[in-house]
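Close look at the chain arrangement
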Amino acid sequence: MRIAGIELRWVRLPLVTPFRTSRYTEEWKYALLIRVRTEEGAIGWGECVAMRVDVYSPETIDDAARALRETLIPMVLELPDVTAEKAKEALAQVEGHPMAKAALEMALLDAQLRLIGRSLAAHLGAVRPAVKAGVSVGIMSEKELIDTVLRYRFEEHYQRIKLKIEPGWDVEPVHLVRELLGADALLQVDGNGAYRLEDAGHLAELDRYDLLMIEQPLAADDLDGHAALARKLKTPICLDEPITCTADAIRAIDRGAAAIINIKPGRVGGYLEAKEIHRVCAARGVPVWVGGMVETGLGRAANVALAALPHFTIVGDLSASERFFTQDITPPIVVGTDGLIRVPDKPGIGVEPDMTVLARPEITDHVEQIPIPAQVLAVGRAR
Ligand code: OSB
Ligand code: MG
């Protein structure tokens, strides 16, 4: 492919309710979208999952936009023939910025797969037509928790519930939700790094609730701490924040710090790297699941495609658009009464933004055209 135009678009959507974790309360979803237009006439969309503030990872939206504008996009524009695979290889020279790289790769994949009429799911190696829906539940009052969890489980058909926890909000909400949902319900927790190894005795109280896992109890960089904690708990430990590439995943597994891995395409630098982590985890017998970053319908659709790969045996953070948004920027992603989300099978990521929605000034803050160097356009014209 040859790139004819690239734009960055800053969008924001109000959340249906604030989403509170041990780190931060989000009331708005901010996303940086990338739209690629190719000489061949394809359009591709990518979504960057970096947040406005650096509480989850060091990469913010503004960091990602700068890296895209100054480094990543210019490098891709220098490639004689652009594909997502070649872009990934070229961008491996650049340190950091997994979320910016992932967004650019997603836009390129979308465009190149539309050109050949192939879905992202087929390209990645999907084996399922639908995936189980799971939902992440923020920190809230007990009364709100009861209403929310009952609605997600019995009215909205979610097959797995994840509770955000922090010191002071852990054993009690887990006890309450286990009572509400019964022994068979799939239940797990996510600490987002809020605990210390000294809390092991307290966290062991969670062992009696038959949780699928405890996600990221300790600080992101504390692999040894997680390995030590794993020896004190029955509940398996899953890592999220520190796994930014395949090498990180292998290191965490080899050190005994992760029995399960949450794979987020944005956090690991893209869908192609996510597929590679899925492969090495399958080879090592480590279960994986697809995590979420409160994506719009664009990233949400692509995450569902990824989750259709064979070794994604655990239910992911894959929820309906209406879990977070009253108005998504794409046709809404929905959960069926069977608790499943259909894997998109149309070319590329299989969904497109509704331009009349995106055009609303309360949704798109601004759009930036990335200049395409004259020599790139000239070569394109000469063909
Ligand atoms: O830790 O998994 C997390 C959202 C933003 C940042 C970090 C996390 C989350 C979630 C939301 O838990 C998952 C979702 O998108 O449904
Ligand atoms: Mg997490």
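To be clear, the structure that these remarks concern was listed above.
Every value quoted in this text rests on a predicted model; they were computed, and no experiment measured them.

What counts, and at which threshold
Residues numbered from 1 in each chain as written. Chains lettered and ligands numbered in written order. Predicted model: local features only at pLDDT ≥ 70, side-chain atom pairs only at ≥ 80, totals over all residues. Heavy atoms only, no water. Helix = DSSP H or I, 4+ residues; strand = E, 2+ residues; numbered from the N terminus. Rg over C-alpha atoms; globule rule 2.2 N^0.38 Å. Buried < 20%, exposed > 50% of the residue type's maximum accessible area, 1.4 Å probe, protein only. Contact = heavy atoms within 4.5 Å. Areas by Shrake-Rupley, 256 points an atom, 1.4 Å probe, with all protein chains shown as cover. Lys, Arg positive; Asp, Glu negative; His and termini not counted. Charge placed at Lys NZ, Arg CZ, Asp CG, Glu CD. Salt bridge = Lys/Arg side-chain N within 4 Å of Asp/Glu carboxyl O. Phe/Tyr/Trp six-rings, centres within 6.5 Å; stacked < 30°, edge-to-face > 60°. Lys NZ or Arg CZ within 6 Å of the ring centre and 35° of its normal. Near = heavy atom within 4 Å. Polar contact = N/O pair within 3.5 Å; in protein donor to acceptor, adjacent residues only side chain to side chain. 1 Å grid on protein atoms, 1.4 Å probe; cavity = no way out; pocket = protein on both sides within 12 Å on 5 of 7 lines; lining within 4 Å. Sits in = over half its atoms within 2 Å of the grid points. Pairing = 2+ DSSP bridges. Axes fitted to C-alpha atoms, helices over the stretch in contact; angles between N-to-C directions. Points joined across faces, edges and corners; volume = space filled by probe spheres on them. Nonpolar A, V, L, I, M, F, W, Y, C, P; charged D, E, K, R; others polar. Domains from an automatic or database assignment.

1. Concerning the overall build of the protein chain
- A count of helical and extended segments in the protein chain gives 14 helices and 13 strands.
- Against the globule reference of 21 Å for 383 residues, the protein chain gives a C-alpha radius of gyration of 20 Å, in line with a compact fold.
- Projecting the C-alpha coordinates of the protein chain onto the three principal axes gives extents of approximately 70 × 40 × 35 Å.
- Taking all 383 residues of the protein chain together, 59% fall into the buried category.
- Partitioning the intrachain contacts of the protein chain with sequence separation of at least 6 by distance along the chain shows that 74% fall at a separation of at least 24.
- Accessible area of the protein chain: about 15500 Å², with a carbon and sulfur share of 52%.
- Side chains of the protein chain give 44 positive and 55 negative charges; the mean places of these two sets differ by 4 Å.

2. Some details on the pattern of salt bridges
- This structure, assessed with the given rule, holds 21 salt bridges.
- Between Arg 69 and Glu 368 there is a salt bridge, and its shortest N-O distance comes to 2.6 Å. Separated by 299 residues along the polypeptide, Arg 69 in helix H1 (residues 61-77) and Glu 368 in strand S13 (residues 364-370) bring together distant segments of the chain.
- The partner of Glu 273 in a salt bridge is Lys 88, with the nearest N and O atoms 2.6 Å apart. With Glu 273 in helix H10 (residues 271-284) and Lys 88 in helix H2 (residues 84-91), this pair connects stretches of sequence that are 185 residues apart.
- When salt bridges that share partners are traced, they join Arg 160, Lys 162, Lys 164, Asp 190, Glu 215 and Asp 317 into one network.

3. Examining the packing of aromatic side chains
- Taken as a whole, this structure holds 3 aromatic pairs when the rule is applied.
- Their ring planes at 85 degrees and their centres at 5.6 Å tell us that Phe 19 and Phe 324 sit as a pair that is edge-to-face. Of this pair, Phe 19 sits in strand S1 (residues 3-20) while Phe 324 sits in helix H12 (residues 321-324), and the two are 305 residues apart along the sequence. Each member of the pair, Phe 19 as well as Phe 324, carries the same accessibility label: buried.
- A ring pair is formed by Phe 324 and Phe 325, whose centres lie 6.1 Å apart and whose planes are at 45 degrees; its orientation type is tilted.
- Residue Phe 325 is classed as buried on the basis of its relative accessible area of 2%.
- Just above the ring of Tyr 30 sits the side chain of Arg 52; from NZ or CZ to the centre is 4.1 Å.
- Positioned above the aromatic ring of Trp 289, the side-chain terminus of Arg 160 is 5.5 Å from the ring centre.

4. Section: the site of ligand 1
- Every one of the 15 residues lining ligand 1 counts as a neighbour, but Lys 164, Asp 190, Asn 192, Lys 264 and Val 294 are closest to it.
- Side-chain polar atom of Asp 240 to an oxygen atom of ligand 1: 3.2 Å apart, as the coordinates give it.
- Met 293 is positioned such that a nitrogen or oxygen atom in its backbone is 3.3 Å from an oxygen atom of ligand 1.
- If ligand 1 stood free it would expose 390 Å²; the protein chains cover 98% of that surface.
- The cavity that encloses ligand 1 is the largest cavity.

5. So, the sheet that holds strand S2 (residues 25-38)
- Across the sheet, 4 strands lie side by side as S3-S2-S1-S13; this open sheet has antiparallel pairing. Two strands in the sheet have a free side with no partner beyond their single neighbour: strand S3 (43-48) and S13. Going from strand to strand, the sheet's axes swing by 25 degrees on average, the running direction of each strand aside.
- Bridging between S1 and S13 involves 6 bridges; their strand directions are antiparallel. Within S13, the residue paired with Trp 10 across the bridge is His 366.
- Running over the sheet, H1 touches S1, S2, S3 and S13 and is turned about 155 degrees from S1.

6. Section: the side chain of Ser 136
- Checked against the element boundaries, Ser 136 lands in strand S5 (residues 134-137).
- With sequence-adjacent residues up to four places away left out, Ser 136 is seen in contact with Phe 19, Arg 160, Lys 162, Lys 164, Asp 317 and Arg 323.

7. Comments concerning the sheet that holds strand S8 (residues 214-215)
- Sheet architecture is open: 7 strands sit in the order S5-S6-S7-S8-S9-S10-S11, paired in parallel fashion. Two strands in the sheet have a free side with no partner beyond their single neighbour: S5 and strand S11 (288-290).
- By the bridge criterion, 2 bridges tie S8 to strand S9 (residues 237-239) in an arrangement that is parallel. When the sheet's bridge partners are listed, Ile 214 is paired in S9 with Ile 237.

8. A closer look at empty space enclosed by the protein
- Across all of its chains, the model carries 3 cavities of 30 Å³ or more by this definition.
- Space inside the largest cavity adds up to approximately 320 Å³.
- For the lining of the largest cavity, the elements supplying multiple residues, two or more each, are S2, S5 and strand S6 (160-164).
- Each residue belonging to the lining of the largest cavity can be placed in one class, and the counts come to 9 nonpolar, 6 polar and 12 charged.
- Counting residues domain by domain, the lining of the largest cavity receives three or more from each of domain 1 (3-117 + 352-382) and domain 2 (122-342).
- Lining the second largest cavity we find 13 residues, and of these Glu 47, Val 49, Met 106, Gly 266 and Tyr 271 sit closest to its centre.
- Of all the elements in the fold, those that place two or more residues in the lining of the second largest cavity are S3, helix H3 (98-116) and helix H11 (297-307).
- Examining the composition of the lining of the second largest cavity, we find that 4 residues originate from one element, H3, more than from any other.
- In terms of domain composition, the lining of the second largest cavity takes at least three residues from each of domain 1 (3-117 + 352-382) and domain 2 (122-342).

Take it as geometry only, folks, not as evidence of what the structure does.
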